[in-house]
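A closer look at the structure
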Amino acid sequence: MRPFGAGGRRVRMLIRPGAKVDDLLALSAEKVEGDLRDPATARSLVLGAAGGTLIHLAGIIHPTRSTREFTEVNVQGTKAVVTEAGKAGVRRAIVMSSNSPIGVSRKPGVTL
């Protein structure tokens, strides 16, 4: 089977423990299980990725516990991953926000 990704590049993904990603694993993507907020998980994710590209799409939209969780994941988690990627020699980072970077409104079409 040909490796996942354009030009046969390796693809590694960070997933929550227990998440079902069999379809991606079947395409030869590598998985790192862990928590985005954990610097050790971030280091594992980018290990050996010098010269590579980080595509960071992880985040939460609706925190289940508190707004603190939203900040921990979306701000501190992103910072941890980007920091570790820089240390690992990742050449480029593409970072995309969640769908609510400017707040939440109860009325469609109205932003805060």
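Procedures and definitions
- Residues numbered from 1 in each chain as written.
- Predicted model: local features only at pLDDT ≥ 70, side-chain atom pairs only at ≥ 80, totals over all residues.
- Heavy atoms only, no water.
- pLDDT = per-residue confidence, 0-100.
- Helix = DSSP H or I, 4+ residues; strand = E, 2+ residues; numbered from the N terminus.
- Axes fitted to C-alpha atoms, helices over the stretch in contact; angles between N-to-C directions.
- Parallel < 35°, antiparallel > 145°, perpendicular 65-115°, else oblique.
- Left-handed = near helix turned anticlockwise from the far one by under 90°.
- Contact = heavy atoms within 4.5 Å.
- Salt bridge = Lys/Arg side-chain N within 4 Å of Asp/Glu carboxyl O.
- Buried < 20%, exposed > 50% of the residue type's maximum accessible area, 1.4 Å probe, protein only.

1. Looking at the confidence of the model for the chain
Across the chain, pLDDT averages 81, with 78% of residues at or above 70. Element-level mean pLDDT values for the chain span from 86 in helix 1 (residues 22–25) up to 92 in helix 2 (residues 39–46).

2. Comments concerning the packing of helix 2 against helix 3 (residues 67–88)
Helix 3 packs onto helix 2 with a crossing angle of 45 degrees between their chain directions and a minimal axis gap of 9 Å. When the axes of helix 2 and helix 3 are compared, the pair comes out oblique. Crossing of helix 2 over helix 3 shows right-handed handedness. Counted together, Pro39, Ala42, Arg43, Leu45 and Val46 of helix 2 and Ala80, Val81, Glu84, Ala85 and Ala88 of helix 3 form the full contact between these two elements.

3. Re the pattern of salt bridges
For the coordinates displayed, the defined rule picks out 8 salt bridges. Here Arg12 makes a salt bridge to Glu30, at a shortest N to O gap of 3.3 Å. Taken together, the residues span a long stretch of sequence, with Arg12 in strand 1 (residues 12–15) and Glu30 in strand 2 (residues 30–33) at a distance of 18 residues. For Arg12, a relative accessible area of 23% corresponds to the partly exposed category. For the salt bridge of Glu84 with Arg43, the shortest nitrogen-to-oxygen distance reads 3.4 Å. One end of the pair, Glu84, is in helix 3; the other, Arg43, is in helix 2, and 41 residues separate them in sequence.

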